[in-house]
Structure formats: C-alpha cells, structure tokens
Amino acid sequence: MGGNSPCASCKLLRRRCAKDCIFAPYFPSDDPHKFAIVHKVFGASNVSKMLQELPVHQRPDAVSSLVYEANARVRDPVYGCVGAISYLQNQVSQLQMQLAVAQAEILCIQMQQEPALPTTPQIDPDDKSFLLHNNFPQFLNFSSSSNVIQDSLKERESLWT
C-alpha cells in the first residue's frame with residue numbers, strides 16, 4: 001500500500017510495500033493468515049505471476065480460489081479441494097438415493113390407502129392366455145380351424161333347439 005501499513009504479503013516476506021504492490025488489494029495487513037497459507041502452498045512468486053496474467057476484474061475471484069485451494073491442500077495434501085468436491089458429490093448421490101426410496105415408499109402408502117376400483121378386463125383378440133384364464137373351453141381346440149367352427153356350430157344348435 002506504500003503507506004504506514006504494509007500488506008500481509010510484504011509483512012510476511014519482510015519487504016517494503018510499494019504503491020503498485022500486486023498483493024496489497026487482495027491480502028490486507030489485518031488478515032496475515034490468508035497470504036501465509038497461499039504462500040506456503042503456491043509460493044509468492046507463482047501467485048504474483050498468476051495475478052499479473054489476469055485482468056484486474058478477475059483477480060479478486062482468483063485470490064479467493066487460491067485461498068480456498070490452499071486451505072484444502074493444508075487439510076488434505078493429496079487431493080486438496082478435489083477431495084472435498086468428491087466427498088460432496090458422493091453425499092449428494094446418497095441423498096438422491098434416499099430421496100428416491102422415500103418417494104417410492106410414499107407412493108406405496110398412497111396406493112394402499114386408495115380404494116381399489118373395479119376394472120373390467122380388456123380383451124385382446126391375439127392374447128390366448130386371456131381365454132385360458134377365463135374358462136372359454138370352446139375356443140381351446142386350435143388344432144384345426146374346422147374343428148373350432150364345428151364345435152361352435154354344435155353349441156349353437158343346442159342353444160337354439
């Protein structure tokens with residue numbers, strides 16, 4: 001900042017804070033831990049290069065991401081924030097499964113509580129199993145069509161006479 005109070009990075013690096021210090025807007029002196037953790041994980045030189053390559057309007061978001069990633073790396077040196085993201089994705093997946101099970105249970109309970117409505121069976125002319133289940137013995141002889149016709153004619157004669 002160039003004034004009396006150097007930014008957190010200049011304090012940690014023990015150097016004079018210039019007016020055009022790239023760290024000053026993003027690492028204020030009142031939060032030294034923020035820069036310390038980023039410096040520990042990425043190094044001051046790398047952070048400086050990253051910030052210089054970005055347009056000014058994207059730098060605050062980049063610093064926020066660097067701080068988040070640095071904190072995650074300190075907690076989990078192997079996976080960093082990817083470990084946290086993976087954990088959260090697994091948690092979401094488990095919760096979605098629990099939600100689906102709960103919705104299925106609700107549907108089952110609703111189906112049990114509704115009164116059963118009588119339904120009339122729909123007859124499909126191609127479905128021979130319907131004929132078997134509904135006791136239509138006159139149509140069961142499929143060996144030849146003439147037998148079926150003759151059987152049905154015999155029954156008609158008995159009905160009319």
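See the structure printed just above.
In this text, all values refer to a predicted model and were calculated from it rather than measured experimentally.

Visitor: Can you walk me through the overall build of the chain in this structure?
Guide: Within the chain, the secondary structure is distributed over seven helices and zero strands. The linear arrangement of helices and strands in the chain, starting from the amino end, is α-α-α-α-α-α-α. Counting over 161 residues, the chain shows a buried share of 19%. Looking at the chain alone, contacts between residues at least 24 apart form 36% of all its contacts between residues at least 6 apart.

Visitor: Any chance you could explain helix α3 (residues 44–53) here in plain terms?
Guide: Given 3.6 residues to a turn, an α-helix orients residues that are three or four positions apart in the same direction. Every buried residue of α3 is accounted for by Ala 44, Val 47, Ser 48 and Leu 51. All buried residues of α3 lie within an arc of 100° about the axis, which places them on one face of the element. On its buried side, α3 packs onto α1 (8–13), α2 (32–42) and α4 (59–75).

Visitor: Quick question: what am I supposed to make of α4 here?
Guide: With 17 residues, α4 should cover 24 Å at 1.5 Å per step; its first-to-last C-alpha distance of 24 Å lies within 8% of that length. When we look at burial in α4, the residues that qualify are Arg 59, Ala 62, Val 63, Leu 66, Val 67, Glu 69, Ala 70 and Ala 72. Where α4 is buried, its residues touch α2, α3 and α5 (81–113).

Visitor: What's the story with the state of the cysteines in this structure? I'm lost.
Guide: Tallied over the entire structure, the rule returns zero disulfides. As a non-bridged cysteine, Cys 10 has Cys 7 as the owner of its nearest cysteine sulfur, 3.5 Å distant. Here Cys 17 stays free of any disulfide, with the sulfur of Cys 10 as its closest cysteine sulfur at 3.6 Å. Taking the relative accessible area as the measure of exposure, Cys 17 reaches 6% and is therefore buried.

Visitor: Help me understand the nonpolar core, please; the structure alone is not making it clear to me.
Guide: Soluble globular proteins tend to bury their nonpolar side chains together. Cys 7, Cys 21, Phe 23, Phe 27, Val 38 and Leu 51 are the most contacted members of the largest nonpolar core, which has 21 residues in total. Among the secondary structure elements, those contributing two or more residues to this core are α1, α2, α3 and α4. Tallying contributions element by element places α4 first for this core, with five residues. Excluding its chain neighbours within four sequence positions, the residues that come into contact with Leu 51 are Ile 22, Phe 23, Tyr 26, Arg 59, Ala 62 and Val 63.

Visitor: Could you clarify how one ought to interpret the packing of aromatic side chains in this entry?
Guide: Aromatic rings in a pair are described by how distant their centres are and how their planes are angled relative to each other. Taken as a whole and assessed by the stated rule, the structure comprises three aromatic pairs. Centroid distance Phe 27 to Phe 35: 5.1 Å. Interplanar angle 75°. Geometry classified as edge-to-face. Phe 35 sits in the buried class, given a relative accessible area of 0%. Pairwise contacts between aromatic rings join Phe 23, Phe 27 and Phe 35 into one cluster.

Thresholds applied
Residues numbered from 1 in each chain as written. Predicted model: local features only at pLDDT ≥ 70, side-chain atom pairs only at ≥ 80, totals over all residues. Heavy atoms only, no water. Helix = DSSP H or I, 4+ residues; strand = E, 2+ residues; numbered from the N terminus. Buried < 20%, exposed > 50% of the residue type's maximum accessible area, 1.4 Å probe, protein only. Contact = heavy atoms within 4.5 Å. Arc of directions from axis to C-beta. Expected span 1.5 Å × (residues − 1). Disulfide = S-S within 2.5 Å. Core = buried A, V, L, I, M, F, W, Y, C linked by side-chain atoms within 4.5 Å. Phe/Tyr/Trp six-rings, centres within 6.5 Å; stacked < 30°, edge-to-face > 60°.

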